[in-house]
Amino acid sequence: MTDVSHRDAGLLRVDTDECKGCGLCIEACPPKVIRMDESLNPYGYRTARYAGAGCTGCGICFLVCPEPGAITVLRAARPRQSTAPGQQARP
Amino acid sequence: MSSEPEVTWEIASSKPASFYSTYERKDELQHATHYCPGCGHGIIHKMLAQAIDELSIQDRTVLISPVGCSVFAYYYFDVGNVQAAHGRAPAVATAVKRSRPGSIVISYQGDGDLSAIGSAEILHAANRGEPITVIFVNNAIYSMTGGQMAPTTLLGQTSTTSPRGRSAAHEGYPLHVSELLATLEAPVYIERVGLGDNKQVAQAARAVRRALENQVRGLGFSLVEILSPCPTIWKMSPVESQRWVRDVMEKTFPLGVLRDHTQAAQSEAVPIPPPPLSMIPGIVGVADAGLPAEMTGDADVPALDLQVRVAGFGGQGVLLLGEVLAEAGLDAGLEVSWLPSYGPEMRSGTSNCHVRLSREPIDSPLVTHPDVLVAMNEPSLRKFCSTVHPGGWILYNGEASPEDCDCRGVHVLARPFTQIANNLGDARAANMVMLGALLEIAGNLPQSSVDSALGRLVRNPKWLALDETALVCGRRLMREARAEVSHAG
Ligand SMILES: Cc1ncc(C[n+]2csc(CCOP(=O)(O)OP(=O)(O)O)c2C)c(N)n1
Ligand code: SF4
Ligand code: SF4
Ligand code: SF4
């Protein structure tokens with residue numbers, strides 16, 4: 001298991017080489033699951049980092065980010081197994 | 001927890017395919033843009049690229065980049081690209097759209113570019129209802145040059161040229177371009193959006209997509225003005241500048257749709273295809289000029305790809321020489337361009353022209369490396385001899401090319417053409433003797449096309465007869481010169 005929770009509908013990836021640390025994604029994220037990393041990337045920018053859980057996959061961080069490839073948002077392909085354990089997840 | 005099924009992840013949002021994978025502007029930093037952190041241009045680029053992806057128009061999109069911070073947009077968008085002179089993007093977009101009606105043409109401009117130096121171009125493009133898409137990035141300042149006042153600068157806003165803040169008394173009021181354009185009849189869609197918060201950004205993305213979709217559907221002129229942060233020049237953090245758009249800028253520039261005639265335009269929209277080649281003689285009024293079969297489009301177009309520079313004194317017939325050549329090419333069904341370049345004097349001074357003939361569409365009418373240089377005097381020879389393509393020809397009006405002229409790697413035909421023409425009856429026919437020599441090089445151009453071009457351009461029968469004789473003489477001089485070369489070799 002990684003730190004990615006199975007219950008999340010979304011997952012954020014930040015390419016730290018492309019991020020310029022503007023912070024717009026952090027401001028935009030509705031559930032506030034993006035943080036600014038303390039360390040600097042090779043170009044001297046602090047970079048955005050996913051807090052590890054809670055992403056809804058809404059995609060707004062992608063839209064407000066000025067760098068073309070800094071942000072990738074993923075969504076769970078199948079609905080998560082929820083309240084009825086044992087039941088087959090359906091697409 | 002092992003009872004939970006494996007989650008597979010799908011990409012929901014990632015770098016749009018309409019961006020290049022790497023940007024070759026510099027050796028380093030090939031994956032990041034040149035924009036400052038938090039710059040609105042980057043956000044707008046992304047919306048635009050995403051809309052191009054969604055509409056599947058990448059392979060027919062042409063982006064016109066402006067002068068301003070977004071001057072390098074062509075390094076990022078993997079589409080057709082043209083970079084225009086300051087403010088001229090709508091004029092360039094007009095040309096591209098009209099010559100390639102099937103293309104999707106985007107004029108991308110800053111507020112300095114569009115509302116100051118380019119105010120005439122945008123006004124007339126909108127008034128003509130050019131069916132293009134304009135992305136108008138308003139950050140209320142000249143950013144690239146370091147923060148001078150723009151026509152869109154807010155009252156009270158400081159800039160390097162309004163250091164105490166813009167005042168209506170001194171600098172006038174902020175120009176509301178979108179409102180101005182919305183008074184015109186032709187535009188079909190004008191909307192002002194902002195990048196002030198999530199909701200605004202989402203609306204901006206929808207507007208950009210709509211403005212592009214309107215063009216795909218052939219509806220007409222569409223413009224989206226986007227209030228866009230410039231953290232660097234505004235001297236604010238990216239988040240502060242975003243808020244400034246929403247809390248301050250928007251008060252001067254209210255958001256909303258200023259024009260929406262898309263419904264009405266839809267019923268009239270008929271994308272205009274270019275006329276078939278066979279109709280062009282009729283359209284330009286030369287239908288009864290005895291055109292050869294080539295013009296009807298079914299005969300073979302001659303194989304020819306020629307770039308010519310003609311230069312001399314004004315009055316030597318430089319432009320006419322080029323015109324006859326271009327007209328003859330047109331007559332033969334070729335793509336042609338003829339670009340004159342001369343000073344203000346009509347009879348003295350120097351003049352030159354660029355001529356291209358090709359079976360393929362011609363991208364630029366400029367001829368920087370001619371296959372053939374026709375130098376009608378010595379200054380022209382000196383000026384252009386080093387530009388001639390290796391293996392090409394120089395036709396020089398003189399006994400011999402001066403010793404200090406570097407004509408290595410090219411063929412030279414130097415003859416006293418003025419003298420020769422004088423012997424034929426008039427020194428002013430030297431241009432046609434030289435054209436005759438040139439036509440021998442462009443051997444594939446049918447004589448019938450040359451005849452009809454000459455007949456259209458030279459109306460005086462006395463001159464026509466002399467020019468025809470001159471052409472024959474020039475052809476002979478070139479054939480003799482070539483024979484000499486092959487004998488010698
Ligand atoms: C003919 C000409 N005049 C002036 C300039 C100098 N110049 C370069 S960018 C610019 C203003 C750009 O401002 P804007 O269009 O608002 O774009 P931004 O940089 O803010 O994105 C000016 C005046 C130029 N390059 N060419
Ligand atoms: S996709 Fe939405 S929830 Fe997930 S990190 Fe981005 S803004 Fe936050
Ligand atoms: S918006 Fe983009 S560039 Fe800015 S901090 Fe977030 S990931 Fe980095
Ligand atoms: S100066 Fe302003 S407009 Fe130019 S790149 Fe920087 S933030 Fe963007």
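Structure shown above.
Report follows, based on the coordinates. (Residues numbered from 1 in each chain as written. Chains lettered and ligands numbered in written order. Predicted model: local features only at pLDDT ≥ 70, side-chain atom pairs only at ≥ 80, totals over all residues. Heavy atoms only, no water.)

**Quick look at the site of ligand 1**
Residues and elements named next belong to chain B. Rules: Near residues are defined by distance, with any heavy atom within 4 Å of the molecule or strand qualifying the residue. Here a polar contact means two N or O atoms within 3.5 Å. Within protein one must be a hydrogen donor candidate and the other an acceptor candidate, and residues neighboring in sequence count only if both atoms are side-chain atoms. Note on conventions: DSSP H or I runs of at least 4 residues are helices, E runs of at least 2 residues are strands, and numbering of each starts at the N terminus. Side-chain classes follow a simple rule in which Ala, Val, Leu, Ile, Met, Phe, Trp, Tyr, Cys and Pro form the nonpolar group, Asp, Glu, Lys and Arg form the charged group, and the remainder, Gly included, forms the polar group.
Around ligand 1, a shell composed of 16 residues is seen, among which H41, C69, D111, G112 and D113 lie nearest. Within the backbone of G112, a nitrogen or oxygen atom sits 2.8 Å from an oxygen atom of ligand 1. Take N139: an N or O atom from its side chain is 3.2 Å from an oxygen atom of ligand 1. By residue number, the principal contributor to the shell around ligand 1 is helix α3 (residues 111–117), which donates four residues. Of the residues assigned to the shell around ligand 1, the class counts are six nonpolar, eight polar and two charged.

**A few points about the site of ligand 2**
Taken together, 14 residues surround ligand 2, and among them C29, C55, C58, G59 and C61 of chain A come closest. By residue class, the composition of the shell around ligand 2 is 11 nonpolar, three polar and no charged.

**Points about the interface of chain B and chain A**
Put simply, the test is: Note on contacts: a residue pair qualifies if any of its non-hydrogen atoms lie within 4.5 Å across the two residues. Put simply, buried area is the surface a 1.4 Å probe can reach on two separate parts but cannot reach once they are joined, added for both. Salt-bridge detection follows one rule: a side-chain nitrogen of Lys or Arg within 4 Å of a carboxyl oxygen of Asp or Glu.
With 36 residues of chain B at the interface, the matching set in chain A holds 35 residues. When chain B packs against chain A, the two sides together hide about 3400 Å² of surface, and 62% of this comes from carbon and sulfur. When the buried surface of chain B facing chain A is broken down by residue, W9, H31 and K46 of chain B rank first, second and third, together holding 21% of it. For the pair chain B and chain A, the number of links is one salt bridge. R243 of chain B is the salt-bridge partner of E27 of chain A, the closest N and O atoms lying 2.7 Å from each other. Across the contact surface, chain B and chain A share 14 residue pairs in polar contact (both at pLDDT 80 or more). Put simply, the parts of the chain that give the side of chain B that touches chain A at least two residues each are β1 (9–13), α1 (40–54), α7 (198–216) and α9 (238–252) of chain B.

So yeah, pure geometry; function would need other evidence.
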